[in-house]
Structure formats: C-alpha cells, structure tokens
Amino acid sequence: MQFHIRVRAGAIIIENNKILLTVYNDPIRGIVYDLPAGGTEPNESITDTVKREAKEEACIDVEVGPLAFVYEYVPHLNLEKFGKIHTLVMMFECRIKNHTTPKFPENPDSNQIDVKWLPLSELQNVEMYANIGSYLQSYTINGRNIDLIEEHKLNQATR
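Reading guide: rules and limits
- Residues numbered from 1 in each chain as written.
- Predicted model: local features only at pLDDT ≥ 70, side-chain atom pairs only at ≥ 80, totals over all residues.
- Heavy atoms only, no water.
- Salt bridge = Lys/Arg side-chain N within 4 Å of Asp/Glu carboxyl O.
- Helix = DSSP H or I, 4+ residues; strand = E, 2+ residues; numbered from the N terminus.
- Buried < 20%, exposed > 50% of the residue type's maximum accessible area, 1.4 Å probe, protein only.
- Core = buried A, V, L, I, M, F, W, Y, C linked by side-chain atoms within 4.5 Å.
- Contact = heavy atoms within 4.5 Å.
- Phe/Tyr/Trp six-rings, centres within 6.5 Å; stacked < 30°, edge-to-face > 60°.
- Expected span 1.5 Å × (residues − 1).
- Lys, Arg positive; Asp, Glu negative; His and termini not counted.

Draft legend 1. The arrangement of the pattern of salt bridges in detail. One pass over the structure, following the stated rule, counts eight salt bridges. Between R52 and E41 there is a salt bridge, and its shortest N-O distance comes to 3.6 Å. Remark: E41 occurs in the loop between β4 (37-39) and α1 (46-58) and R52 occurs in helix α1; sequence separation between them is 11 residues. With relative accessibility at 16%, the residue R52 sits in the buried group. The class for E41 is partly exposed, based on a relative accessible area of 43%.

The structure is reproduced here in structure tokens:
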C-alpha cells in the first residue's frame, strides 16, 4: 500500500553552541547541510527512527528528547523543488550518549560527504537542505518544545 505522505524523523544535537550536521554533495545544488534524519521504516517508532538515523549518518547513539518542531514539504506548493512526495519531518532534541563521537560512516547515504559540528552563529552562512537555519537559531534561543503523545504509552501513565 502506498501512502500520500512520507514520514521522516531526525535529531537536533547541540553542544557548546555548535550543531551537529551531515554534509552532502547534491548533484544539482552542490554542498548542502542537513540534520541527521531519514524516513521511518515499517514497524519502527518515530523515536526509533531518530536513533537509527543518528547511528547510520553520524555513528552516534542518542537519547531522544522532546519534539522540537515539525517541518512539512508539500510538493505542489513548492514547485516540486524536492520532488513529488509530500513529506512530514519531526525533529527531536537529542543528546549524544555512551560517549560516542560523531564521525563519517563507513557506508554513508548517497552523496553524504561529511559530518561536522557547525557553530550556531554560522547557520545563516551555509545552505541547508531545507532552509531552516534561522528556525534552528531561534529554537536554540527560545527552546519551545512540542509534546509527542505516543498511544502505546498512554495507559502506562494512568497505572
């Protein structure tokens, strides 16, 4: 069965006023930066997706924290600049755990060329896959989180 919206999830990791980003050499756009993120797989929770993508793209284990923000790409409203698939991306505030150190993976995603810490003050100087640099800067200052309500945890809260 094919659905009309692709669900993706990713990690916002900030330490010492720097943000962890993946770097890609896009065949059309050139060098673009992104947060460690990717699409959910069958039978995978959204938080498990965040953990898997952080491991696959930056070789780190993360503790998934609160939902920071949701990004939506609607093809027909954006001249299909990123393709024809309607996408909803949930970005979570995360912390690196188990003293893992971000590094370039042995089997990177297509076109991925690096993983790097970028000072938050330089976000406006780089091209991000989605132009959310100013939102990330604002988020780090204002820290407005959104609660993620997970159905499978609702009954546990009332026990």
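Draft legend 2. Structural detail: the nonpolar core. Ranked by size, the top nonpolar core spans 19 residues in total, and within it I12, I19, L21, L35, L123, M128 and L136 carry the most contacts. For this core, the secondary structure elements donating two or more residues are β2 (18-26), β5 (61-73), β6 (86-97) and α2 (133-142). It is β2 that contributes the most residues to this core, three residues altogether. With residues up to four places along the chain from it excluded, the contact list for L123 reads I19, L21, L118, M128, G133, L136 and Q137. Grouped together as the second largest cluster of nonpolar side chains are 17 residues, I13, A58, V62 and L67 included.

Draft legend 3. Looking closely at the packing of aromatic side chains. In this structure the tally under the stated criterion is one aromatic pair. Seen in terms of ring centroids, F69 and Y139 are 6.5 Å apart; in terms of plane orientation they differ by 70°. Their pairing is edge-to-face. Linking F69 in strand β5 with Y139 in helix α2, this pair joins segments that are 70 residues apart in sequence. Neither F69 nor Y139 differs from the other in exposure class; each is buried.

Draft legend 4. Looking closely at α1. Helix length check: α1 (13 residues) gives 18 Å between terminal C-alpha atoms against 18 Å at 1.5 Å per residue, within 8%. Taken as a whole, α1 has its buried residues at I46, T47, T49, V50, R52, E53, A54, E57 and A58. Check the buried side of α1 and you find it contacts β1 (5-15), β2, β4, β5, β6 and β7 (112-119). Immediately downstream of α1, the backbone of C59 shows phi near 60°, a positive value.

Draft legend 5. Broad picture of the side chain of D34. Within the fold, D34 resides in strand β3 (residues 30-34). Buried within the structure, D34 lacks any salt-bridge partner; R8 is the closest side chain of opposite charge, at an N-O distance of 4.3 Å. In this view, D34 contacts R8, L21, T22, Y24, M128 and Y129; residues no more than four positions away in its chain are not counted.

Draft legend 6. Looking closely at unusual backbone geometry. Within the chain, N17 stands out as a residue other than glycine whose phi angle is a positive 60°. Relative to the elements of secondary structure, N17 occurs in the loop between β1 and β2. Although it is not a glycine, H99 sits at a positive phi angle of roughly 55°. Position of H99 relative to the elements: it lies in the loop between β6 and β7.

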